[in-house]
Every structure is written in C-alpha cells, then in structure tokens.
Amino acid sequence: MALKLRRLSHALGAEVCEIDVSMPMSEAFFGEIYRAFLQYGVLLFRDQDIGREQHIEFSRRFGELDRHDALPRDRHPRYSELLMVTNEPKPDGSPSDTKYTGRQWHSDMSFTTAPSLGSLLRCYAVPDVGGDTLFANMYLAYDALSDGMKALIAGLHGIHHSGTRKIANSESGVPRADEQRRLNPPVAQPVVRVHPETGRKALYIGEKVKRFDGMTEEESKPLIDFLVRHATRPEFVYRHQWKKNDILAWDNRCAMHQALGDFDETQLRHLERTTVLGTPSGYVVAGG
Ligand code: SIN
C-alpha cells in the first residue's frame, strides 16, 4: 500500500490520508511514514478513533517514549507515557494543572538534556471555535537568515527554562511551577542545531529561552525576540484547526509550536500527548 499524502501548508505539514494507525503496519510502510515525518515536520492523521494503548503503541514506532518524570503532575493517572493537555477541572473542582500547557512558542522538553525527538498529540475535545496550534518550520527560519546573522548566532547557546509564563503567574499554577523548577534546572541548548537524521541546520529557540549563556538577560532579549519573531513569520507557519480524533505528529528538532488560548474557556479542550525521547543535547547551567 502506498502512502497518500496531502500537504497542509507551504511551510510544513502533510496529512496522511486513508490510514488507521491502530492497524498492523509493516516496517516498510512505517518507514514511508517516518520519511514523510522527516520531510514535512508535521504529520496529520484524521479520524483516529482509537484507544489510549493504541495511541501509545503507534507512538512507540517513532522511538522510545518519555515517561514524563520531568512533568509528574501532568501525566495521565494510569499511563505515564501520556501527558495531559486539558482545561477540564480536577475532580475536586480546582483548575487543571495543564490548562495553559504549550501557550508559548517552544519545542517539547528543550529544558532537559534529552530534548524530545517528536510528539504525537491526540485530540479528544475542542471548543466550537479556536484553540488551534501553530507550528513553525525552523529549517526555513534558519535558511532565511543573512550570512552575518548566521555567523553571529553560530556559537550561541540559549538557556531554556521549564514552565509557562501564564501558569507561573496564576495562583493554582504556583506549586506546579515550583516543582518544575526544582526538577528541571535551566539547560543551555545550541541556538543552531544540526538535525541528527537529516543533517540540516535549524534554529532552536523559543519563548522558554531567557538569555544566552555568557550574556545577561538585558543583552540577550533583543536577539531572542528577533529570532522568535523571525521564525514565526506567517510564511514559516502552519496553523492547525483541531477536529476530534486528530493525531498530529511533529518533529521537535526542526519545528516549534504554540497552543493558542483564543477560545471560550468554559468549553472543553482536551488533548493527550506522547513524547518520543531524543538524543542528548545541551548542558545544565548552574543558577540559570
Ligand atoms: C503542547 O505543547 O504539547 C500542547 C500543544 C497544544 O495544546 O496545542
């Protein structure tokens, strides 16, 4: 069976059509999916009305799965391979810990020394309108920089922090943010990362980066802001409008993403994510 692909945007992304990811799949056929994953950076599988075990099983084809020890509060109570992204209040009525997950431009687990290879996010419920996710192609963003800027950032390391601004500021998010900081000291990552499989250079930056190693926040901020703004120009971005039972798989080594909060918070937005472990990158920075 040949893979049927439909491109999602000029920048990145393709839909894999007419597929049920829970069906047995030969190595050769999965190899075609993986090649498309490397080529398009984001793959969409629609209408995947499958169970949690099947989501986990399909994700394992991409590599070993993270058990999310860095984010213990965010795990599914029964499946540590699943990270919850939900605004559904807890059984005691208090706000969900993961209500604001992903609300900054980021690449998953960049604040660890084994940042993720890729993520597979399954949609259970979305609001009537809004709650989309944006993806930026970081190869294109790097390629479009001037030679002067490429030379300037070549040796820089950005210091990545865990947590999100919004949850850190909300009352319910304080214990979680404290726990995340304790478990995850800041990690410096190269601003230009060579993709371990394609060999291409990609920008590796985002809104979790507070400063460059060896520089102050004040010195770093203008360049961080420029690089994030540059990488997220509309021509480098795909905007995904979720439907129930979508699974999106993305390559964290060459794409960053952001969840949008542009929806009615009284409506349910519930997604669950597996996170595929990547190769070692970066180093811990004492004191951040
Ligand atoms: C994430 O950052 O993994 C979550 C993205 C989303 O909720 O759209």
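This one's a predicted model, so the numbers in the text were calculated from it and none came from an experiment.

## Thoughts on the overall build of the protein chain
Counting its regular elements, the protein chain contains 7 helices and 16 strands. Relative to the compact-globule value of 19 Å for 288 residues, the protein chain shows a C-alpha radius of gyration of 18 Å, a close match. Counting only C-alpha atoms and orienting by the principal axes, one finds that the protein chain spans roughly 50 × 50 × 35 Å. Scored against the burial criterion, the 288 residues of the protein chain give a buried share of 57%. Contacts in the protein chain between residues at least 24 apart in sequence constitute 81% of all its contacts with a sequence separation of at least 6.

## Examining the sheet that holds strand β16 (residues 283-284)
Pairing between sheet strands relies on hydrogen bonds along the backbone, with the strands arranged either parallel or antiparallel. Judged by pairing direction, the sheet is antiparallel, and its 4 strands sit side by side in the order β11-β7-β8-β16 without closing on themselves. At either margin of the open sheet sits one strand with a lone partner, and together these are β11 (209-212) and β16. One ladder, built from 4 bridges, connects strand β7 (residues 157-160) with strand β8 (residues 187-190); its direction is antiparallel. From the neighbouring strand, G158 faces β8, where its bridge partner is Q189.

## Considerations on the site of the ligand
In the vicinity of the ligand, the contacting residues are V85, G102, H106, D108, L121, T133, W250, H257, A259, R269 and R273. H106 is positioned with one of its side-chain polar atoms (N or O) 3.0 Å from an oxygen atom of the ligand. Here an oxygen atom of the ligand and a side-chain polar atom of H257 are 3.0 Å apart. Burial of the ligand by the surrounding chains reaches 100%, relative to a free accessible area of 260 Å². The cavity that encloses the ligand is the second largest cavity. Along the lines of polarity and charge, the residues of the shell around the ligand split into 4 nonpolar, 4 polar and 3 charged.

## Quick look at the environment of G118
Among the structural elements, G118 can be located in strand β5 (residues 118-125). Here the alpha-carbon distance between G118 and D66, two residues 52 residues apart in the chain, equals 10 Å. Ignoring any residue separated from it by four or fewer positions in sequence, one finds G118 in contact with F37, W250, D251, N252, T274, T275 and V276.

## Here's the deal with helix α7 (residues 217-231)
Taking 1.5 Å per residue, 15 residues should reach 21 Å; α7 reaches 20 Å between its end C-alpha atoms and fits that length. Among all positions in α7, only S220, L223, I224, L227, V228, H230 and A231 are buried.

## Some words on the layout of surface pockets
Its boundaries defined by the atoms lining it, the second largest pocket holds a volume of some 240 Å³. What lines the second largest pocket is a set of 14 residues, and nearest its centre among them are M84, T86, E88, K90 and S96. Considered class by class, the residues forming the lining of the second largest pocket number 4 nonpolar, 4 polar and 6 charged.

Cut-offs and rules
Residues numbered from 1 in each chain as written. Predicted model: local features only at pLDDT ≥ 70, side-chain atom pairs only at ≥ 80, totals over all residues. Heavy atoms only, no water. Helix = DSSP H or I, 4+ residues; strand = E, 2+ residues; numbered from the N terminus. Rg over C-alpha atoms; globule rule 2.2 N^0.38 Å. Buried < 20%, exposed > 50% of the residue type's maximum accessible area, 1.4 Å probe, protein only. Contact = heavy atoms within 4.5 Å. Pairing = 2+ DSSP bridges. Near = heavy atom within 4 Å. Polar contact = N/O pair within 3.5 Å; in protein donor to acceptor, adjacent residues only side chain to side chain. Areas by Shrake-Rupley, 256 points an atom, 1.4 Å probe, with all protein chains shown as cover. 1 Å grid on protein atoms, 1.4 Å probe; cavity = no way out; pocket = protein on both sides within 12 Å on 5 of 7 lines; lining within 4 Å. Sits in = over half its atoms within 2 Å of the grid points. Nonpolar A, V, L, I, M, F, W, Y, C, P; charged D, E, K, R; others polar. Expected span 1.5 Å × (residues − 1). Points joined across faces, edges and corners; volume = space filled by probe spheres on them.

It is worth stressing that arrangement in space is one thing and function is another; only the former is reported here.
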